[in-house]
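# Structural characterization, general
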Amino acid sequence: MKITFPGESAEYRAAREQLLEQEISLRRAMEVVAAARRNLPPGGLIPEDYVFDAIDSNGAPSIVRLSELFAPGKDSLVIYNFMFPRMPQDERPKAAAGITAALKREEGPCPSCTAFLDTLDGAAKHLEAGGLNFVVIAKAPLERVLAFARERGWRNLRLLSAAGNNFKRDYLAESSEGYQLPLMTVFHRDDNQIRHFWSSELIFAPSDPGQDPRHNGTTEPLWNIFDLTREGRPDWDEQLDYDCCSHSQIQAAESSSCCNPITPS
């Protein structure tokens, strides 16, 4: 099939077809890596059945064990380790409104994690329907996490707190200094045994010049969409709030999630 778009030059088409071959190679490489991941030998058994702070189906405070995060017939558990609290060195502004705004900046949520979770909130119900157990675990007290979720408008994420256990430290989502790290951690249940399957260890590997670790890179829509453009990834960091509308646009766009990303409860 010969592909052409309006007004393109022969030079553009030749370069695009060469790029297409690179994209095909990338797709094949991703499949090879995914297959190698699936074929990993059994990981280590969990050292304990960690107990997390949660809410029950009635919205009341409760506890849940790691083993209870596996629904019947769903043997993979994917956990995103939410950096809440953020890195102390993170100087981006804290939330402008809501309960979270009352916290010290270093006690609040990471803006980059928040941007990622904004996208995962919509995906969570599809992941669950597709056969996964998916949860988000923070170190902050559960009431803070839930208050922030309400402020962001999250509806589908299952949110837990590891404030009372060593889960994050044991699975390298917390440094020896107590700093939180945004690892993706996967467990697998087999014959009622729960083993660590995979974590986004690329965060600990040296980065290439001009690149961040990209340990969760293939799962982050925001940055992958930037990669589709002429400008590429901007020299920019995610924020909790954006002043993206000019003064003359505010009234016309007052219902926009861009200008009003948070609705305090």
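All of these numbers come straight from a predicted model, not from anything done at the bench.

Glancing now at the overall build of the protein. Within the protein one finds five helices and seven strands. Along the protein, helices and strands appear, N-terminal first, in the series α-β-β-β-α-β-α-β-α-β-β-α. By principal-axis analysis of the C-alpha atoms, the protein measures approximately 65 × 55 × 35 Å. Within the protein, buried positions represent 34% of all 265 residues. Nonlocal contacts in the protein, meaning residues at least 24 apart in sequence, comprise 58% of its contacts between residues at least 6 apart. Carbon and sulfur atoms form 53% of the exposed surface of the protein, whose accessible area is close to 16,100 Å². When the 28 positive and 38 negative side-chain charges of the protein are each reduced to one mean point, those points stand 2 Å apart.

Another aspect to go through is the layout of surface pockets. Rolled over the atoms, a probe with the dimensions of a water molecule shows which regions are left empty. The space that makes up the largest pocket amounts to roughly 1,400 Å³. Taken together, the elements giving at least two residues each to the lining of the largest pocket come down to α1 (10-38), β3 (76-81), α2 (111-129), β6 (184-190) and β7 (193-199). At eight residues, α1 tops the list of elements feeding residues into the lining of the largest pocket. Grouping the amino acids of the lining of the largest pocket by side-chain chemistry returns 18 nonpolar, twelve polar and nine charged. Taken as a whole, the second largest pocket encloses approximately 560 Å³ of empty space. Taken together, 22 residues make up the lining of the second largest pocket; nearest its centre are Ser-112, Pro-182, Asp-212, His-215 and Glu-238.

Summed over the entire model, instances satisfying the criterion amount to 16 aromatic pairs. Among the aromatic residues, those joined into a ring-pair cluster are Tyr-50, Phe-52, Phe-167, Tyr-171 and Phe-187.

A cluster of nonpolar side chains, contributed by Met-1, Ile-3 and Phe-5, occupies part of the molecular surface with about 420 Å² of accessible area. For Phe-5, the location among the structural elements is in the segment before α1.

A separate point is helix α3 (residues 142-152). Within α3, eight of the eleven residues are buried, which leaves the element mostly enclosed by the surrounding structure. Along α3, the positions that sit buried rather than exposed are Leu-142, Val-145, Leu-146, Ala-147, Phe-148, Ala-149, Glu-151 and Arg-152. Tucked inside the fold, the buried residues of α3 contact β1 (51-55), α2, β4 (133-138) and β5 (159-161).

Moving on: the nonpolar core. One finds Phe-82 and Leu-157 to be the most contacted residues of the largest nonpolar core, which totals 28 residues. Going through the elements one at a time, β3, α2, β4, α3 and β6 are the ones with two or more residues in this core. Setting aside residues up to four positions removed in sequence, Phe-82 forms contacts with Pro-109, Cys-110, Cys-113, Thr-114, Leu-117, Val-136, Ile-137, Ala-138, Lys-139, Phe-148, Trp-154 and Lys-168.

Here we take up α2. Between its terminal C-alpha atoms α2 stretches 28 Å, which fits the 27 Å expected from 19 residues at 1.5 Å a residue. Every buried residue of α2 is listed here: Pro-111, Cys-113, Thr-114, Ala-115, Phe-116, Leu-117, Leu-120, Asp-121 and Ala-124. Check the buried side of α2 and you find it contacts β3, β4, α3, β6 and α5 (221-226). Trailing α2 by a residue or two, Gly-131 shows a phi angle of about 115°, which is positive.

Attention shifts here to the pairing of β1. Note on strand geometry: in a regular strand, side chains alternate between the two faces of the sheet. Of the two faces of β1, only one is covered, namely that formed by Phe-52 and Ala-54; the face formed by Val-51, Asp-53 and Ile-55 stays uncovered. The pairing of β1 with strand β2 (residues 61-65) spans five bridges and is antiparallel. In the strand pairing of β2, Ile-55 is matched with Pro-61.

With six bridges joining them, β6 and β7 adopt antiparallel strand pairing. Its bridge partner being in β7, Val-186 is matched across the sheet by Trp-198. Hairpin geometry of β6 and β7 is characterised by an intervening segment of two residues between the two adjacent antiparallel strands and by a positive phi of about 55° at Asp-191.

Conventions and cut-offs
- Residues numbered from 1 in each chain as written.
- Predicted model: local features only at pLDDT ≥ 70, side-chain atom pairs only at ≥ 80, totals over all residues.
- Heavy atoms only, no water.
- Helix = DSSP H or I, 4+ residues; strand = E, 2+ residues; numbered from the N terminus.
- Buried < 20%, exposed > 50% of the residue type's maximum accessible area, 1.4 Å probe, protein only.
- Contact = heavy atoms within 4.5 Å.
- Areas by Shrake-Rupley, 256 points an atom, 1.4 Å probe, with all protein chains shown as cover.
- Lys, Arg positive; Asp, Glu negative; His and termini not counted.
- Charge placed at Lys NZ, Arg CZ, Asp CG, Glu CD.
- 1 Å grid on protein atoms, 1.4 Å probe; cavity = no way out; pocket = protein on both sides within 12 Å on 5 of 7 lines; lining within 4 Å.
- Points joined across faces, edges and corners; volume = space filled by probe spheres on them.
- Nonpolar A, V, L, I, M, F, W, Y, C, P; charged D, E, K, R; others polar.
- Phe/Tyr/Trp six-rings, centres within 6.5 Å; stacked < 30°, edge-to-face > 60°.
- Patch = residues over 30% accessible without salt bridge, like charges linked within 9 Å, V, L, I, M, F, W, Y side chains within 5 Å.
- Salt bridge = Lys/Arg side-chain N within 4 Å of Asp/Glu carboxyl O.
- Core = buried A, V, L, I, M, F, W, Y, C linked by side-chain atoms within 4.5 Å.
- Expected span 1.5 Å × (residues − 1).
- Pairing = 2+ DSSP bridges.

The analysis is restricted to geometry; functional conclusions fall outside its scope.
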